[in-house]
Each structure stands twice: as structure tokens, then as C-alpha cells.
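Chain and residue survey
Residues per chain are reported as follows:
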Amino acid sequence: MTIQSGINKITRRNFLALAGGTVGMAALASMGVPASFIENNLEIDLDKIDHQENEADVLVIGGGMAGLFAAVKAHDAGAKVMLVSKGSLGSSGQTPFAKGIFAYDKDLTNVSLDEFVDQVSRSAIGTNNPVYTKQMAEHSLARVTDLREWGFFDSPLYNNSFNKPIKERNIPVMERITITHLIKENDRIAGAAGFSVDEEKVHFFNAKSVILCTGAGGFKPNGFPICDLTHDGTVMAYNIGAKVTGKEWNDGHPGQSINAASCFDGWHGMFERKPGLTSVEIHHDLGVDMNYMAYMNGNPLQMGPPGMNNQKGSTGGPYRPEEFSRKEPPGGDNKPPGREQPKEGGAPPGMGGTVVGGSSAGMSIHKSEGLVPINDKCESTIPGLYAAGDALGSYMAGAIYTQIGSSLAGSAVQGAVAAEAAAKYSKYIEFQNISKNVMNKIEEEILAPLKRDAGYSPAWVTQTLQGIMIPNFVLYIKKESMLKAALAYIEELRDHHMPMLKAADMHELRLAHETRNMILSAEMKLKASIMRTESRCSHYRLDYPDMDNENWQAWINIYKGSDETMQFEKQPFDSWPNGKRIIV
Amino acid sequence: MSIQSINGCIGCETCIKMCPTDVIRLDPKTKKAVIKYPADCQICHLCRMYCPVDAITISPEKSIPVIVSWG
């Protein structure tokens, strides 16, 4: 720590002296390193930074599918609600790109609700929480009916339909505000804080309860539209002592080999399609099996079961229950040209054609990664703090993809469930005073990257983190030696570079906080992956290729210990954090 | 290059608000949208799809930034 704080005290003048002054700068310039990599050319006036205080019974953070329902249903339950979003309603996170939504309609299927839950549970090999699986299916049709009324199915773009119920209820919405801190007083939630990217302003929110609808996250990978998702909710909840889970699982979606960074092209026009419904169809879609084949055989690879497309099959690799073996690659949208494409709805990008890995790197399976719920009400381990959608580690479908379209439906359902619980909680509790000292400390932490004369640009630190975390042999096809090697790099970024992240304007300030969150998330992912000494669903260990039912019928929870270090614990698959059995 | 150009902007600011990664900003002088942070474009096309006058052109390519050992 002494070394760290010493370095932080280096002024620009000292720094230049260390670098050899002007001679050093010239030398660097001649090496092709632009000066912008080095100096923090502050573009805003720090003296003008203002702060604003806001108040709500229920503060909803996030403007995707979960946030929409959290705000609307909390208002309808009688709470004074405010919605704050890093982007804009229906146009940030993964919601704008999700075109299939599952509705369980008993009149249209011969699969009973209990049979649906049983099938998902068999595919998830114990990793799902059946209470949340059933809740999603049970409420999905009602949420789809709400969405239909708001015009959701009439346009490929969701901003208008999301605004309709919000405006009808006069719910205040604050957009383009990056929330960085949750505030806890007297062991329960007291509010949140963040900043605007448009104004030089820090915002404080005094709230009786908070619903995190902040989505999942990744490492700003190329090919999946998740570059604005950096596990913000998970990290700020972890920082105030909440338990989080699901960090060892992996979304294994590939990208296309040509123009791999182009999300739009990779999704084959789906973004321009209106949303549509999906029906009961239970799978065990791994993704990681493709990473295994690429690791064993190299590129190019074709997807599908061994033998399909004349592909050389690999022996071993991730286990898939026989009952859920596939005749064709998952995803309905990578069909060869000439075959009819659906006009609406649809699955995420297919897994056919020539592909490259890591398009969603840093993201777990939907609904498996996030805050640990203590009950079926989306309540976290901190009183007054709720989470819904991908911000909640509900294990709705387990550590694997089991049902296309259930993710979007689950976000809607959980948003509404959390809303009713938070509104009820807020009725019987008073606002808490957030002290000036606490506010000053938070404001200092938020603005720190703007105040550093020298340091590291968030773009460069992010790029370095991507180089460490995205290769196939680190997070997808895992073994202890590589996980430990990557962890050494990530701990270096955490201890040395994270405290020196700099920002020249409010846009870069957002990037600096996102980068910090990605570093902590990378640490969680590596440590949880080292801890889980078995292979199951989307977590595959080369050095522990088999499932270990004796020791690993358990989820991994992560929390900050009293000494501020990252702590890990097992929670048996059939129980809530307090040890009570999960009963469907 | 990702988001390439904005031609014929009417200054409605829709693209600015709909961009998930804060790539576009309003030029304070011309009152028109400008591509301010192109490195953060994720090529999702939301700005183009929301633009009421079809002013935005997007390329599928993205140049990978030069890798340096500190920066």
C-alpha cells in the first residue's frame, strides 16, 4: 500500500522528470506513442462540478426490460418511484437486441408447468433454482400481455413502447447517469450515487429501497452488444457487503470471423426485426463445447454434433445430457442463405458458419450471475436492496441456456416481483440521513480520475485486461496454472493501475469506472473458476473434466470480508443462503 | 471505422440519446450531432435505426487499436 500511495502522489512535473523531461517526451513521440496516452488533458472545469440530491421510495437503477417493470409495478403498488439509467429507456444494455420473448401459455402447449420446471432442472444438472424457473414461466404471459398493450410488439425499437407506461404514470426518469455507489447506513440501504455524462454533476439519491436492474456485463468484447455492460450492479453491491454469485459460468456465444466487431452483422439483421414470442422448447445449449473443439482442433471449426458438416469430432469435452443432444446447431438465425428467415422474434446469433470465439467474453449465462437472492422476492442479502433480470443471480435457467426467449421474459417477471416487494418494504420504513462526510467521500471517489495529472487511460487498461482474459485458454477452457497466471496479471491491474485510472472528461470518467468494475469482475471470475474443481454446464476445467456430485452440488457465493478481501463460500443447490431448503 | 459519418443531421439529438456507449455528442456551435468517441462504437446500428432522416452511415469494420506497452 505504501508503494501505491507514493505513486499516486507523483505530479505531472515529477512524472515528466522521471520520463526524462522533454527529451523523454520527444523520444516517446518518435516511437509513435501519442501524447494523449500520457497527459491527462482535462477538458472540464473541476471547480464547476455541481451536485444534486434526489429522493424516491423505490430507486430503480437501469432502463432495460427489468427496470421498466420494476418502475411501473412499484408505482402501481403505491411507491414514489424514480428510474435512473446509464443510457436511455429501452436503448441500453441487452434489451434492445433481444427479439424473442417466452410466454408460457397452458392453452398452447401440452407441457405442464411442473413438467416444464422438471425438464429445465434436468438440463441444468441441478444448477437452476426451480422456484425462479417456475416463477418466470408462471408470470410470463401476464408480462407479455402488459408489453402488448404498450406497443412493444409493434416496432423493432423499444424506446417509445417503454416510455408509454412510464409517461402515463409520470414516473421521473433520469437518463445518461452512471451510478457508481450504493449507500448503506445502519446495515440497510440508504441510497445511491453517480454522475451525469452530459453535465458536470454528481447525483445523490436518497432511497428507502433500491432495485438493481443493471444487467450483466462483460469485458467490452467484440461481437456482442454488451460494451455498455460492465457488471456495475454486482460490483457496487459487493462493495457494500452484498453476496454475489455465478462468476465461474460462461456465455459461449461466438462471433463471425469476418468483421468480428460488428454486432449488427453478426446478428444477421435481427436488430431490425420486431420482437416475437417463443414457445416451450427445452435445450442444453452449451457454447463452451465449441470453445473446446477450437482448443483441441484449431480453426476453422464448424458447429454441431461430432460428424456434422464433416467436422472431425473431439473426444471428451463438456458433458451434455443425452436427453438434450441436438440434431442441428443451436440458434435459428445462421441458416444458409436461401432458407426463409423469420420475420419477427428469434434466437440470439446462431452457431453455424465460420466463427470466432469470445464475442460475449466476460459474461456468464443470463440470470446466473449477480446478487444472491435470499428468497423468491428478488431480495438481496442487504435489507432494502433488490435486483432483477441479469443483475440477479437467480439461476432461473441454471448455468446453461435451456429455453430461448426465457431471459427477456425472466427480466420482465423479476422486475415486477422485485417492484412489489420493494414497494411493500418501503411502506414501513423511513428515509435515512446520508451524512455530509459520506457524501464528500463518495464524491471524492467518483471524481478522482478527473483529478489525476498522470495515470493510465481506461481504454489502455481495458485493452490490457482483454488481452489477459479473452483468450480461449483462460476463461473458457480452464486449468489451474493458466487461471493463476491470469490472476497475477489482474491483481497487478487491481493494485497498481486501478488506483491510477485517469479521465479527461465525463465520458472518460464513465470509462474509468467501467474499467474498475471489469477488473474486479475478472478477479471474481478467475478465483471462482479456480475454486470450482469440477466441470459442469458452462464451466469446463481441462484438469477436472468430470462432474463432482459429491463436492460440487453447490453454487459459489462471493462477498467482501471484514478485512476487505474477497471471500468465497459454497451454497448447496437446494438451499437459500440462510440454509433453508428451496421448495417449489 | 464503425460509425462513419452523419450527413443531413437536423439536430434532434435522438441518436445521441439512443447510443448505448455515448459515442455521439451535439456540436455546441453547429447544433448538429458529431461522432465524438468513435473508439467506443460497438457497431450495433441503434443510432442509424432511430435517426428520423436516415443521416447516419456505418461500416462493419473496426480497426483494432495499436497495442503499446503502457499508455
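As the structure is a computational prediction, the values presented were derived from the model and not from experiment. (Residues numbered from 1 in each chain as written. Chains lettered and ligands numbered in written order. Predicted model: local features only at pLDDT ≥ 70, side-chain atom pairs only at ≥ 80, totals over all residues.)

**Quick word on the overall build of chain A**
- When helices and strands are tallied, chain A shows 16 helices and 19 strands.
- Residues classed as buried in chain A amount to 55% of the 584 residues present.
- A separation of at least 24 residues holds for 75% of the contacts in chain A among residues at least 6 apart in sequence. (Helix = DSSP H or I, 4+ residues; strand = E, 2+ residues; numbered from the N terminus. Buried ≥ 20, exposed ≤ 12 C-beta atoms within 10 Å, placed from the backbone. Contact = placed C-beta atoms within 7 Å.)

**Thoughts on the overall build of chain B**
- Looking only at helices and strands, chain B has two helices and four strands in total.
- The helix and strand sequence of chain B, counted from the amino end, reads β-α-β-β-α-β.
- Taking the principal axes of the C-alpha coordinates as reference, chain B spans close to 40 × 25 × 20 Å.
- Looking at chain B as a whole, 34% of its 71 residues qualify as buried.
- For chain B, the proportion of contacts with a sequence separation of at least 24, taken over those separated by at least 6, is 54%.

**A word on the sheet that holds strand 19 (residues 566–572) of chain A**
Residue and element names in this part refer to chain A.
- Read across the open sheet, the four strands follow the order 13-8-18-19; overall the sheet is antiparallel. The open sheet has two edge strands, strand 13 (370–371) and strand 19, and neither has a second partner.
- In this structure, strand 8 (residues 244–245) lies alongside strand 18 (residues 554–560), joined through two bridges in antiparallel fashion. The residue of strand 18 that forms the bridge with Thr245 is Asn557.
- Where helix 16 (residues 506–531) meets the sheet, it contacts strand 18 and strand 19, and its direction lies at approximately 50° from that of strand 19. (Pairing = 2+ DSSP bridges. Axes fitted to C-alpha atoms, helices over the stretch in contact; angles between N-to-C directions.)

**Comments concerning the interface of chain A and chain B**
- Taken together, the contacts link 28 residues of chain A with 22 residues of chain B.
- Listing elements by their share of the side of chain A that touches chain B, those giving two or more residues are helix 9 (263–266), helix 13 (458–469) and helix 16 of chain A.
- Residues belonging to the side of chain A that touches chain B are distributed by class as follows: 13 nonpolar, ten polar and five charged. (Nonpolar A, V, L, I, M, F, W, Y, C, P; charged D, E, K, R; others polar.)

**Quick look at the environment of Glu491(A)**
Residue and element names in this part refer to chain A.
- With respect to the helices and strands, the residue Glu491 is situated in helix 15 (residues 480–497).
- Residue class for Glu491 comes out partly exposed when judged on the 14 C-beta atoms lying within 10 Å of it.
- Sequence separation between Glu491 and Glu523 is 32 residues; the distance between their C-alpha atoms is 7.3 Å.

**Some details on the nonpolar core**
All names here are of chain A.
- Of all hydrophobic cores here, the largest spans 170 residues; its most connected members are Val58, Leu59, Val60, Ala70, Ile211, Ala388 and Ala418.
- Top contributing element to this core by residue count: helix 11 (residues 406–427), with twelve residues.
- Residues contacting Val60, with those up to four places away along its chain left out, are Gly67, Ala70, Ala71, Ala74, Val81, Leu83, Ile211 and Cys213. (Core = buried A, V, L, I, M, F, W, Y, C linked by C-beta atoms within 7 Å.)

**Description of the pairing of strand 2 (residues 81–84) of chain A**
Residue and element names in this part refer to chain A.
- Here strand 2 shows two buried faces, one formed by Val81 and Leu83 and the other by Met82 and Val84.
- Judged from the four bridges that link them, strand 1 (residues 50–61) and strand 2 form a sheet pairing that is parallel. Paired with Val58 across the two strands is Val81, which belongs to strand 2.
- Note that strand 2 and strand 4 (residues 173–174) share two bridges and pair parallel. Bridged to Leu83 within strand 4 is Val173.

**Overview of the packing of helix 13 of chain A against helix 15 of chain A**
All names here are of chain A.
- Here helix 13 crosses helix 15 at 165°, and the two axes come no closer than 9 Å. The orientation of helix 13 with respect to helix 15, classified from their angle, is roughly antiparallel. Crossing angle aside, the handedness with which helix 13 passes helix 15 is left-handed. For the pair formed by helix 13 and helix 15, the contact residues are Val461, Thr464, Leu465, Ile468 and Met469 on the first element and Ala486, Tyr489, Ile490, Leu493 and His497 on the second.
- Classifying every residue of the contact of helix 13 with helix 15 by side-chain character gives eight nonpolar, two polar and no charged. (Parallel < 35°, antiparallel > 145°, perpendicular 65-115°, else oblique. Left-handed = near helix turned anticlockwise from the far one by under 90°.)

Everything listed here is a matter of geometry and, on its own, says nothing about what the molecule does.
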